[in-house]
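Coordinate inspection notes
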Amino acid sequence: MELIIPTITNTWIHLFYWLSGLFAVSIVLEFLMPCNPDQPKLRKGMLTDILYFFVMPLLTRLVRILLMAIGIYVVMHNAKPDDVMSFITSGYGALSKLPVWGQSAIAFILSDILIYWLHRWFHSARMWPFHAIHHSSEHVDWLSTYRFHPINSWISFTMVDVLMLFLGFSPIAITQMAAFNTIYSVMVHSNVNWTFGPFRYLFASPVFHRWHHTAQAEGMDKNFAPTFPLLDIMFGTFYMPEGRRPERYGVDGANIPSGFFSQMIWPFRQRR
Ligand SMILES: [Zn+2]
Ligand SMILES: [Zn+2]
């Protein structure tokens, strides 16, 4: 116990420094090179997004730990301690022959493809109410990154991570990928005017993802890829008109409530 409490405290302190640094960089970039310069800094929905920031990672983590514990028990309940250790450091099966960085790279591409299709599914009539919460931000910025209904977050992200573990990827490879995903998500939601020029087809930029969030009809059901727009090009959903930027965000005409707790309940009331 004397060891566990300082370890947890240290992890939280590191996480706090790490995230503070990431947010500080986003705030400076939004100030220096905004995509939508008129977007207010102190804006509507800020309190709701702050609540999402504190509650969602906790909820996501709890479900992930629970699913992983069940998974590890099912797969490894007869395994020796050395086998469990070797799974944590190098994965299992064919993948364990690859270095962890190689596993991370493959897991990253594979999860991007899965999340692309899950994201399209969440844009279908049946699943839309859960995902509409993420689209309800009328001002998209670094703070709106975490606005996801837990059902959306568990299916689209937690389940994908757990599936990767079942496929044999090392938990270290998955953790590395998750850290990169956090940085990337905050970056694409930031109110920054980056398009990545000629690399716009290779990597998702803030302008690419802001077209996904626009309330303007031209951007509807476009740009689903979390990281690789090549997926949108392949499946006919890429949209990034040269020299133009989206102006309006949010969901028109759905009357999504603005508070955190009402947003938790709202999707269930929309489903028949
Ligand atoms: Zn979406
Ligand atoms: Zn988004």
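Before going into details, it helps to say that this report is about the structure given with it. Each chain carries its own residue numbering, running from 1 in the direction its sequence is written. Lettering of chains starts at A and numbering of ligands starts at 1, both following the order in which they are written. Side-chain atom pairs in this predicted model are given and counted only at pLDDT of 80 or more, local residue features only at pLDDT of at least 70, and totals for whole chains, interfaces and linings cover all residues. Only heavy atoms go into the side-chain values, all of them from the structure, while hydrogens and water stay out.

**Some remarks on a nonpolar patch on the surface**
Candidate patch residues must exceed 30% relative accessible area and have no salt bridge, after which like charges are joined if within 9 Å and Val, Leu, Ile, Met, Phe, Trp or Tyr side chains if within 5 Å. Here the open area of atoms and residues is found with the Shrake-Rupley method and a 1.4 Å probe, where only the protein chains shown may cover a residue. Each salt bridge in this description consists of a side-chain nitrogen of Lys or Arg and a carboxyl oxygen of Asp or Glu lying within 4 Å of one another. On the surface, a cluster of nonpolar side chains totalling about 1000 Å² of accessible area is made up of I109, I113, W117, F199, Y201, L202, F203, L230, I233, M234 and F235. Every element with two or more residues in the nonpolar patch is listed here: α4 (100–122) and α9 (230–234). Here a strand is any run of E in DSSP of at least two residues, a helix any run of H or I of at least four, and the numbering for each starts at the N terminus. Relative to the helices and strands, F199 is located in the loop between α7 (171–189) and α8 (206–213). To sort residues, take the accessible area from a 1.4 Å probe on protein chains only and compare it with the maximum for the residue type: under 20% means buried, over 50% means exposed, and anything in between is partly exposed. Using a relative accessible area of 48% as the deciding quantity, one classes F199 as partly exposed.

**Structural notes on the pattern of salt bridges**
Close approach of charged atoms allows side chains of opposite charge to pair. All chains considered together, the criterion is met by 7 salt bridges. The shortest N-O distance in the salt bridge between D49 and R43 comes to 2.8 Å. R43 matches D49 in its accessibility class, with the two residues each being buried. In this structure, D141 engages R43 in a salt bridge whose closest nitrogen and oxygen atoms are separated by 2.6 Å. Of the two residues, D141 sits in the loop between α5 (128–135) and α6 (150–167) while R43 sits in the loop between α1 (4–32) and α2 (46–76), which places them 98 residues apart along the sequence. In this structure D141 comes out as buried when scored by relative accessible area, which is 5%. Among the residues examined, R43 registers a relative accessible area of 7% and is labelled buried. Several salt bridges share partner residues, and in doing so they unite R43, D49, D141 and R147 into one network.

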